[in-house]
2 protein chains.
Amino acid sequence: MAQASIGDSEFDRGTAVTLREPGVYDVQLTSGWTVMDVLNGGHLLAVIGRALGDALPHSDPIAVSAHYLTPAKPGPAVVRTETVRTGRTLSTGQASLFQTDEDGHEVERIRVLSSYGDLAALPDDVRTSAKPPAFPPPERCVTTADGPPPPGDFALIDRLALRMDPATVGWALGAPSGKGEIRAWFEFADGRDADALSLLLTVDALPPTSFDLGLMGWTPTVELTAHIRCRPAPGPLRVAITTRNLAGGFLEEDAEVWDSADRLVAQSRQLARVPRG
Amino acid sequence: MAQASIGDSEFDRGTAVTLREPGVYDVQLTSGWTVMDVLNGGHLLAVIGRALGDALPHSDPIAVSAHYLTPAKPGPAVVRTETVRTGRTLSTGQASLFQTDEDGHEVERIRVLSSYGDLAALPDDVRTSAKPPAFPPPERCVTTADGPPPPGDFALIDRLALRMDPATVGWALGAPSGKGEIRAWFEFADGRDADALSLLLTVDALPPTSFDLGLMGWTPTVELTAHIRCRPAPGPLRVAITTRNLAGGFLEEDAEVWDSADRLVAQSRQLARVPRG
């Protein structure tokens, strides 16, 4: 298969938006990006992120905060955007994704507040104590094809080429580590390189950290905020997700994404509900 | 001085909101909660959080995401809220705080998306790997009165009784550690106990972590999301803030807040601009 490119790939087709009128975009959500029959939250963030990047005067997501209201299903959807403030280096926008129910009513799926800017215009200074997560090179990691099938239907997996740290896949064999950590190399299955927009998917594309705590059910996201810190260099990304506090029926999940040039390109945190049972 | 109580304290008076019409609240922002003449971002979050807790069917903030648009000054303001979705255990709301400029135009200062719930109704399960930050007891920590005056005018400091970890105050003497860490015991100066609402202030009330990196200027917040995980027990709180990635003109600042019962009661992350010069 020829390598897909940015602009001509499964991800670009899956997140395509069509301008209906100023600020309003039609979307076709497809089953290829679902987990357990609902659209992956990171994929929805990328769809909305694409609409906002078109509607706002700045094109790169810098800080994107999403509150998840109701699960989105494959089918048509509409994204309505609002320009909240236009600044010199940052613009702020709001957007909501709606689907129409059987009775013809628009139901809101997700609402987003975001700050957009120009990642290429940022200064080069790096003054950081963060280090990339340490785990084996891709050839010593585990693909999803190596293990037993995941619990439930994860169409999303076929779009991705995840290679998991063997130390964080015990849950697939019934032996979770209990640490609440999952690490993986992330690439698109069709070879498309990462860009700022696709990082919005990457931060929410791994199996949930709750699997590593032995909780195998669905962890619906209540809120997810992603910070895009740098344009990713070509090549595979390293993603590390961790949970430090599962309590009171909720857990937080922190993600960090590192590129092939050892730059921390994205950080995210989400609050999710603990799986039942 | 008699100890202030929840409902009758400097914090409660400073965050008071008056219902003007359904969903709309008048506010008087006072100079007592400023840092360098603009309102502290955590204080604004608490003001808006109080309005949302009144407007929504659930009263406790669970996840609050704020995008900061323009600095707020002491004086009158209005908070306009919208109920986005009402669920059984969570409600979602949106709010904006506006001030009127010299020309009579309303200018938006901050926009917030939030999920509210009932912290008292959450299950008691705690399954966590997070540990409270290790630092000396209050009597071996440093009060703001012990050190040289802070750079600039920090009226906020007089509302608080911060006792700082001596290991993270080198910046006040011109010797920042360079680690990007600040830790402190947090109490209100008037003795008011913490509650879910006041935690929205606590996550943004310490000197910025950039001071510990030797950058003494203002770090305007672009975005801040706080997760309130548990009702705080009475007594002093421990707050630890850290920055791991200062790059490209931005830094993230993570806060965690622990109560006297060793429960992680709040987590937050903000994206801020790096001080100039």
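Residues numbered from 1 in each chain as written. Chains lettered and ligands numbered in written order. Predicted model: local features only at pLDDT ≥ 70, side-chain atom pairs only at ≥ 80, totals over all residues. Heavy atoms only, no water.

Trainee: Before we go on, may I ask you to explain the overall build of chain A in this structure?
Mentor: For chain A, the count of helices and strands is five helices and 17 strands. Computed over the C-alpha atoms, the radius of gyration of chain A is 18 Å, within 12% of the 19 Å expected from 2.2 N^0.38 for a compact globule of 277 residues. Based on the C-alpha atoms only, the size of chain A along its principal axes is roughly 50 × 50 × 45 Å. With the model as given, the accessible surface of chain A reaches about 10700 Å², and the carbon-plus-sulfur share is 51%. When the 25 basic and 36 acidic side-chain charges of chain A are each reduced to a single mean position, those positions are 5 Å apart. (Helix = DSSP H or I, 4+ residues; strand = E, 2+ residues; numbered from the N terminus. Rg over C-alpha atoms; globule rule 2.2 N^0.38 Å. Areas by Shrake-Rupley, 256 points an atom, 1.4 Å probe, with all protein chains shown as cover. Lys, Arg positive; Asp, Glu negative; His and termini not counted. Charge placed at Lys NZ, Arg CZ, Asp CG, Glu CD.)

Trainee: How should the relation of the copies chain B and chain A be read in this particular structure?
Mentor: The transform that puts chain B on chain A rotates by 180° and translates by 0.0 Å along the axis, for an RMSD of 0.0 Å. The two molecules are tied by a two-fold rotation axis, judged by turn and shift. For chain B, the smallest separation between a C-alpha atom and the rotation axis is recorded for Ser65 of chain B, amounting to 3.2 Å. Same-surface contact between copies: 100% of interface residues of chain B are shared with the interface of chain A. (Least-squares fit on C-alpha atoms with pLDDT ≥ 70 in both. Contact = heavy atoms within 4.5 Å.)

Trainee: What is the right way to look at the interface of chain B and chain A in this model?
Mentor: One frequently used descriptor of interface size is the decrease in accessible area upon assembly of the parts. Facing 55 residues of chain B, the contacting portion of chain A comprises 55 residues. Counting the surface lost from both chain B and chain A, the interface buries some 4800 Å², and carbon and sulfur atoms represent 49% of this. Here chain B and chain A share eight salt bridges between them. Salt-bridge contacts for Arg244 of chain A lead to Glu256 of chain B; the nearest nitrogen and oxygen are separated by 2.7 Å. Across the contact surface, chain B and chain A share 46 residue pairs in polar contact (both at pLDDT 80 or more). The element contributing the most residues to the side of chain B that touches chain A is strand β17 (residues 264-273) of chain B, with seven residues. The pairing of strand β9 (residues 126-128) of chain A with strand β15 (residues 245-247) of chain B spans three bridges and is antiparallel. What sits directly across from Val126 of chain A, in β15 of chain B, is Ala247 of chain B. (Buried area = accessible area lost by both parts, 1.4 Å probe. Salt bridge = Lys/Arg side-chain N within 4 Å of Asp/Glu carboxyl O. Polar contact = N/O pair within 3.5 Å; in protein donor to acceptor, adjacent residues only side chain to side chain. Pairing = 2+ DSSP bridges.)

Trainee: Looking at this structure, I do not really get helix α2 (residues 41-55) of chain B. What am I missing?
Mentor: Residues and elements named next belong to chain B. Its 15 residues place the ends of α2 21 Å apart at the C-alpha level, agreeing with the 21 Å of an ideal helix rising 1.5 Å per residue. For α2, the full list of buried residues reads Gly41, Gly42, His43, Leu44, Leu45, Ala46, Val47, Ile48, Gly49, Ala51, Leu52 and Gly53. The N-terminus of α2 is capped by Asn40, whose side-chain oxygen sits 2.9 Å from the backbone nitrogen of Gly42. (Expected span 1.5 Å × (residues − 1). Buried < 20%, exposed > 50% of the residue type's maximum accessible area, 1.4 Å probe, protein only.)

Trainee: Whenever I open this one, the domain arrangement of chain A confuses me. Can you help?
Mentor: All names here are of chain A. Its domain assignment divides chain A into domain 1 (10-119) and domain 2 (138-273). Computed from C-alpha coordinates alone, the two centres of domain 1 and domain 2 are separated by 21 Å. With 31 residues of domain 1 at the contact, the number on the domain 2 side is 28 residues. When domain 1 packs against domain 2, close to 2600 Å² is buried across both sides, 61% of that on carbon and sulfur atoms. (Domains from an automatic or database assignment.)

Trainee: Explain the pairing of strand β16 (residues 250-258) of chain B here, please?
Mentor: Note on strand geometry: in a regular strand, side chains alternate between the two faces of the sheet. All names here are of chain B. Counting buried positions along β16 gives nine out of nine residues, so the element sits mostly inside the fold. The side-chain alternation of β16 yields two buried faces, one formed by Phe250, Glu252, Asp254, Glu256 and Trp258 and the other by Leu251, Glu253, Ala255 and Val257. As paired elements, strand β14 (residues 237-242) and β16 share five bridges and run antiparallel to each other. Residue pairing in the sheet places Arg238 in a bridge with Trp258 of β16. In the sheet, β15 pairs with β16 via two bridges, with the strands oriented antiparallel. Note that in β16 the partner of Ala247 across the bridge is Phe250.

Trainee: Please explain empty space enclosed by the protein as it appears in this structure.
Mentor: Regions of empty space are outlined by a rolling probe, equal in size to a water molecule, passed over the atoms. Under the defined criterion, the tally for this structure stands at two cavities of 30 Å³ or more. In this structure, the largest cavity spans a volume of roughly 60 Å³. Contributing to the lining of the largest cavity are Glu223, Thr225, His227, Ser268 and Arg269 of chain A together with Glu223, Thr225, His227 and Arg269 of chain B. Those elements that provide at least two residues to the lining of the largest cavity are β13 (221-228) and β17 (264-273) of chain A together with β13 (221-228) of chain B. Taken together, the residues of the lining of the largest cavity sort by class into no nonpolar, five polar and four charged. As a volume, the second largest cavity reaches approximately 30 Å³. Here the lining of the second largest cavity is composed, by residue class, of six nonpolar, no polar and one charged. (1 Å grid on protein atoms, 1.4 Å probe; cavity = no way out; pocket = protein on both sides within 12 Å on 5 of 7 lines; lining within 4 Å. Points joined across faces, edges and corners; volume = space filled by probe spheres on them. Nonpolar A, V, L, I, M, F, W, Y, C, P; charged D, E, K, R; others polar.)

Trainee: Got a minute to help me understand the packing of aromatic side chains in this structure?
Mentor: All names here are of chain A. Here the structure, examined in full by the defined rule, presents 10 aromatic pairs over all chains. Centroid distance Phe11 to Phe188: 5.3 Å. Interplanar angle 35°. Geometry classified as tilted. Within this pair, whereas Phe11 is found in helix α1 (residues 10-14), its partner Phe188 is found in the loop between β12 (181-186) and α4 (196-202), the two being separated by 177 residues in sequence. Taken as a pair, Phe11 and Phe188 share a single burial class, namely buried. Centre to centre, the rings of Phe186 and Phe188 are 5.5 Å apart; their planes meet at 75°, and the pair counts as edge-to-face. (Phe/Tyr/Trp six-rings, centres within 6.5 Å; stacked < 30°, edge-to-face > 60°.)

Trainee: Just to check I follow, could you spell out the environment of Ser268 of chain A for this structure?
Mentor: Mapped onto the elements, Ser268 of chain A comes out in strand β17. Excluding residues within four positions of it along the chain, Ser268 of chain A makes contact with Val203, Leu224, Thr225, Ala226, Glu253, Asp254 and Ala255 of chain A together with Arg269 of chain B.

Trainee: Help me understand the pairing of strand β8 (residues 106-117) of chain A, please; the structure alone is not making it clear to me.
Mentor: Residues and elements named next belong to chain A. With respect to burial, β8 is a largely interior element, 10 of its 12 residues being buried. As paired elements, strand β7 (residues 91-100) and β8 share 10 bridges and run antiparallel to each other. Bridge pairing in β8 places Ser96 opposite Arg111. What sits between β7 and β8 in their antiparallel hairpin is a turn of five residues, with Gly104 showing a positive phi close to 85°.

Trainee: Any chance you could explain the side chain of Asp165 of chain A here in plain terms?
Mentor: All names here are of chain A. Here Asp165 shows up in the loop between β11 (163-164) and β12. Residue class for Asp165 comes out buried when judged on its relative accessible area of 3%. In terms of polar contacts, Asp165 uses its side chain to reach the backbone amide nitrogen of Ala167, at 2.9 Å. Engagement of the side chain of Asp165 in a polar contact is seen with the side chain of Arg183, the distance being 2.8 Å.

Trainee: Looking at this model, I keep getting lost on the UniProt feature "domain: Acyl-CoA thioesterase-like N-terminal HotDog" (unreviewed entry) in chain A. Mind explaining?
Mentor: UniProt records the feature "domain: Acyl-CoA thioesterase-like N-terminal HotDog" (unreviewed entry) for residues 30-106 of chain A in the present numbering. Note that residues 30-106 of chain A is 19% helix and 47% strand, and that its end C-alpha atoms are spaced 19 Å apart. (UniProt positions renumbered as here; feature names shortened; annotations may be inferred.)

Trainee: Even after reading the chapter, I still don't get the environment of Gly180 of chain B, so can you show me in this structure?
Mentor: Residue and element names in this part refer to chain B. The topology assignment puts Gly180 in the loop between β11 (163-164) and β12 (181-186). For the pair formed by Gly180 and Thr243, sequence separation is 63 residues and the distance between their alpha carbons is 5.1 Å. Gly180 has contacts with Thr209, Asp212, Leu213, Ile241, Thr242 and Thr243, leaving out every residue within four places of it along the chain.

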